[in-house]
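Structural features, examined
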Amino acid sequence: MTASLLARRMMEGLSDTGRAELGETLAELSQGGHADLVAVFRGLLDGKEMGAALGLPEGTAQLLYAQAHVRFNGGHVTDALALFQALTVLSPGVKDHWLGLGICLRLTDALATARLAFATAREIAPDCPAVMYHQAELDLAEGRLAEAAALMRAFAALPETGLKTRMAAEAQRLVAALAARGAG
């Protein structure tokens with residue numbers, strides 16, 4: 001759940017008295033030198049993503065994403081993981097942030113959390129070949145052979161795209177591994 005959605009849901013659940021008290025508390029915080037905190041909270045209530053509510057410059061998420069890739073490709077998975085975690089908070093609606101997070105979590109053996117990251121990426125982009133592949137690879141690693149096979153059948157049924165073509169060799173290896181384990 002994004003921070004802005006959480007803030008809106010919190011407001012929806014408040015009575016008129018609760019809203020008034022929250023308004024008073026925000027006013028007190030603002031007068032007490034916490035105007036920045038109040039501005040962030042108000043931004044979240046207005047539906048802004050965290051990066052926008054924090055007032056980060058345009059393009060910050062793209063720079064962090066590029067840095068996450070540099071760290072990952074340099075073999076610094078833990079550093080990349082931290083950046084992908086930040087990206088999922090700053091821009092939670094971006095599939096690639098969740099996919100990168102899932103891949104890093106998978107490589108650090110945080111399998112249950114990786115599963116959640118891949119599931120979030122799949123909610124955002126249900127027909128993404130990369131998400132399907134990585135989720136299937138995790139299923140295979142966890143012995144969820146039927147789930148992995150189903151995902152690879154869905155992968156095969158996707159229309160041909162550049163991404164699917166680039167992933168074809170990896171997908172074939174995964175299908176072969178599933179067949180060797182009696183799934184398919």
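Numbers given to residues run from 1 along each chain, matching the order in which its sequence is written. pLDDT decides what is reported in this predicted model: residues at 70 or higher carry local features, side-chain atom pairs at 80 or more are listed and counted, and totals for whole chains, interfaces and linings draw on all residues regardless. The basis for the side-chain values is all heavy atoms of the structure; hydrogens and waters are excluded.

Take a side-chain nitrogen of Lys or Arg and a carboxyl oxygen of Asp or Glu: if they are within 4 Å of each other, that pair is a salt bridge. Counted under the stated rule, the structure contains six salt bridges. One salt bridge connects Arg 106 with Glu 137, and the closest N-O pair in it is separated by 2.9 Å. One end of the pair, Arg 106, is in helix H7 (residues 95-107); the other, Glu 137, is in helix H9 (residues 129-141), with 31 residues separating them in the sequence. Put simply, DSSP H or I for four residues or longer makes a helix, DSSP E for two residues or longer makes a strand, and each gets a number counted from the N terminus.

Most peptide bonds take the trans form, and the phi angle of most residues other than glycine is negative. Even without being glycine, Asp 109 reaches a positive phi, approximately 65°. Checked against the element boundaries, Asp 109 lands in the loop between H7 and helix H8 (111-124).

To qualify as a nonpolar core, a set must consist of buried Ala, Val, Leu, Ile, Met, Phe, Trp, Tyr and Cys residues joined through side-chain atoms within 4.5 Å. Here's how the labels work: a residue is buried when its accessible area is under 20% of the maximum for its type, exposed when over 50%, partly exposed in between, all with a 1.4 Å probe on protein chains only. In this structure, Phe 84, Leu 101, Met 152, Phe 155 and Leu 178 are the most contacted members of the largest nonpolar core, which totals 39 residues. Breaking this core down by element, the ones donating at least two residues are helix H5 (60-73), helix H6 (77-90), H7, H8, H9, helix H10 (145-157) and helix H12 (168-180). Residue contacts are defined here by distance: any two heavy atoms, one from each residue, within 4.5 Å place the two residues in contact. Not counting the four nearest positions on each side in its chain, Met 152 is found in contact with Tyr 133, Ala 136, Ala 171, Leu 174, Val 175 and Leu 178.

For any part of a model where pLDDT is low, the fine detail of the predicted coordinates should not be relied upon. Summarising the model, the chain shows a mean pLDDT of 85, and 80% of its residues fall at 70 or more. How sure the predictor is of each residue is captured by pLDDT, a score from 0 to 100. Below pLDDT 50 for its whole length, residues 1-6 participates in eight contacts with residues either more than four positions away or in separate chains.

Moving on, we get to H12. A helix's residues, less one, multiplied by 1.5 Å, set its expected span. Its 13 residues place the ends of H12 18 Å apart at the C-alpha level, agreeing with the 18 Å of an ideal helix rising 1.5 Å per residue. All buried positions along H12 are accounted for by Ala 171, Leu 174 and Leu 178. Down the axis of H12, the sector holding all buried residues measures 60°, keeping them to one side. Every exposed residue of H12 that faces more than 90 degrees away from the buried side is listed here: Gln 172, Arg 173, Ala 179 and Ala 180. Tucked into the core, H12 has its buried residues touching H9 and H10. Directions are taken from the helix axis to each C-beta atom, and the arc is the one they span.

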